[in-house]
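Residues per chain, in single letters:
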Amino acid sequence: MTDNSIIENRAEEVPFSYVLSELLETNVKQNPHKMKTFKSLYGVVAIDLKDIEAAVTLVFSGGKARIEQGIVGKPDIVIRTDSDKVIGLNSISIKFGLPWYFDEAGVTVLKQILSGEIKVQGMLVHPVILTKLTKIMSVM
Amino acid sequence: MPIKAMTQEWMDAYKAAIQADPDYRNIAKDWEGSVALVVNPDPSKNVPEPIYLFMDYWHGDVGEFVVCDKAKAESARFVMTGDYARWKQVAFKELDATKALLQGKLKMKGDLPYVVRNIKTVNKVIDILGKVDTLWPDDHK
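Definitions and cut-offs
Residues numbered from 1 in each chain as written. Chains lettered and ligands numbered in written order. Predicted model: local features only at pLDDT ≥ 70, side-chain atom pairs only at ≥ 80, totals over all residues. Pairing = 2+ DSSP bridges. Helix = DSSP H or I, 4+ residues; strand = E, 2+ residues; numbered from the N terminus. Axes fitted to C-alpha atoms, helices over the stretch in contact; angles between N-to-C directions. Contact = placed C-beta atoms within 7 Å. Core = buried A, V, L, I, M, F, W, Y, C linked by C-beta atoms within 7 Å. Buried ≥ 20, exposed ≤ 12 C-beta atoms within 10 Å, placed from the backbone. pLDDT = per-residue confidence, 0-100. Left-handed = near helix turned anticlockwise from the far one by under 90°. Nonpolar A, V, L, I, M, F, W, Y, C, P; charged D, E, K, R; others polar.

### Some thoughts on the sheet that holds strand 5 (residues 77-81) of chain A
Note on sheets: strands pair through backbone hydrogen bonds, and any given pair is parallel or antiparallel.
Residue and element names in this part refer to chain A.
Inference 1: Pairing is mixed across the open sheet formed by six strands, whose spatial order is 1-4-3-2-5-8. For this open sheet the edge positions go to strand 1 (7-9) and strand 8 (119-121), each flanked by a neighbour on one side alone. Averaged over all neighbouring strand pairs, the angle between strand axes comes to 15 degrees, with direction disregarded.
Inference 2: The pairing of strand 2 (residues 42-49) with strand 3 (residues 54-61) spans eight bridges and is antiparallel. If you follow Leu 49 over to strand 3, its bridge partner there is Ala 54.
Inference 3: Along the sheet, helix 1 (residues 15-30) contacts strand 1, strand 2, strand 3 and strand 4 (65-69); its crossing angle with strand 1, the most-contacted strand, is approximately 175 degrees.
Inference 4: The sheet strands contacting helix 5 (residues 127-137) are strand 2, strand 5 and strand 8, and the helix crosses strand 2 at an angle near 70 degrees.

Here it is in structure tokens:
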């Protein structure tokens, strides 16, 4: 973690963590509105990619985040999917400050959630965390 | 007749295949910037030295496509590095490039959100790569 880094990667044995860390850090630093959301995000989110047997837990603490190897503790949200679908989550557009599920990318993700290809545990209990996560991860 | 992979002749054929693709121009209309592929050596597969490939893409057009040196490759906006066997798997669609990136089998230097935003362009050029009639270094043992 460099001095100006906002992500601490403690999951260095998981290659996926580097992609996640770089994607999140670059995305947030490039967009002031995403940085604002990032600074307001407190919560724990796990991402479990079954097909490549890789799981990480993101711990957000208001302007900082750290990535732990595996599913650590009791995350607020757990996303379980395959590696090719997790990238689709980054393609969700943001409109009016909220994730937009009515374009091609949004409909695709919705279908995958409904079919169980993407499982989001905790989405009904922690909608604010999920919304903020979607906003900071969206590259659109 | 198949063309030897990762030679200038092969790069020319790849460029021509991209230019001839009816969908490429529209899919890649938002992409701007050069891409370098670095192929790590694997003497057991007849790749004794690293190979550097430089490709310039600009809003649906294609520019310079060359086999180059390390310095030129590193000057590209995006640099993707992987073992020879991985690249061959990607070309044959035995390995999904996104999955390879997430598994650390391929590494990328450059603006990752930009690449994710334009993932259809990336998938399209990989798709075309697989259509180039290619003789791979380990095919003629």
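### Focus on the nonpolar core
Inference 1: Judged by nonpolar contacts, the single largest core of 76 residues is most densely connected at Val 56 of chain A together with Ala 36 and Leu 53 of chain B.
Inference 2: If we skip the residues at most four places from it in the chain, Val 56 of chain A touches Ala 11, Val 14, Phe 16, Ser 17, Leu 20, Ile 47, Ile 67, Glu 68 and Gln 69 of chain A.

### A few points about the environment of Arg 25 of chain B
Inference 1: With respect to the helices and strands, the residue Arg 25 of chain B is situated in helix 2 (residues 24-27).
Inference 2: For the pair formed by Arg 25 of chain B and Val 62 of chain B, sequence separation is 37 residues and the distance between their alpha carbons is 9.3 Å.

### Quick word on the confidence of the model for chain B
Note: predicted coordinates in regions of low pLDDT should not be interpreted at a detailed level.
Inference 1: Predicted confidence across chain B gives a mean pLDDT of 95, with 99% of residues reaching 70 or more.
Inference 2: In the predicted complex, the global pTM is 0.89; the interface-specific ipTM is 0.85.

### Remarks on the sheet that holds strand 5 (residues 78-83) of chain B
Residue and element names in this part refer to chain B.
Inference 1: Strand order in the open sheet formed by five strands is 4-3-2-5-6, and the pairing between neighbours is mixed. Across the chains shown, the open sheet's two edge strands, defined by having one partner strand only, are strand 4 (61-68) and strand 6 (106-109). Neighbour-to-neighbour, the strand axes of the sheet open up by a mean angle of 15 degrees, direction not taken into account.
Inference 2: Where strand 3 (residues 51-58) meets strand 4, six bridges bridge the pair, whose relative direction is antiparallel. From the neighbouring strand, Leu 53 faces strand 4, where its bridge partner is Val 67.
Inference 3: Against the sheet, helix 1 (residues 8-20) engages strand 3 and strand 4, with an angle of about 165 degrees to strand 4.
Inference 4: The sheet contacts of helix 4 (residues 84-91) involve strand 2 (32-40), strand 5 and strand 6, and relative to strand 5 the element is tilted by about 105 degrees.

### Focus: the pairing of strand 5 of chain A
All names here are of chain A.
Inference 1: Only one face of strand 5 is covered, namely the one carrying Ile 77, Ile 79 and Thr 81; the face carrying Val 78 and Arg 80 has none of its residues buried.
Inference 2: Here strand 2 pairs with strand 5 via five bridges, running parallel. Paired with Asp 48 across the two strands is Arg 80, which belongs to strand 5.
Inference 3: For strand 5 and strand 8, the ladder comprises three bridges, and the chain directions are antiparallel. Residue pairing for strand 8: Arg 80 is matched across the bridge by Lys 119.

### A short note on the packing of helix 2 (residues 32-39) of chain A against helix 5 of chain A
All names here are of chain A.
Inference 1: The geometry of helix 2 relative to helix 5 is characterised by a closest axis approach of 9 Å and an angle of 145 degrees between their N-to-C directions. The handedness of the crossing between helix 2 and helix 5 comes out as left-handed. Between helix 2, through Lys 34, Thr 37 and Phe 38, and helix 5, the contact on the second element is made entirely by Lys 132, Lys 135 and Ile 136.
Inference 2: Looking at side-chain class alone, the contact of helix 2 with helix 5 contains two nonpolar, one polar and three charged residues.

### Here's the deal with the interface of chain B and chain A
You'll often see interface size given as the accessible area lost when the parts meet.
Inference 1: If you look at the interface, chain B gives 13 residues, while chain A gives 16 residues.
Inference 2: Looking at the side of chain B that touches chain A, the elements that each hand over two or more residues are helix 5 (97-103) and helix 6 (112-117) of chain B.
Inference 3: Residue contributions to the side of chain B that touches chain A peak at five residues, all from helix 5 of chain B.

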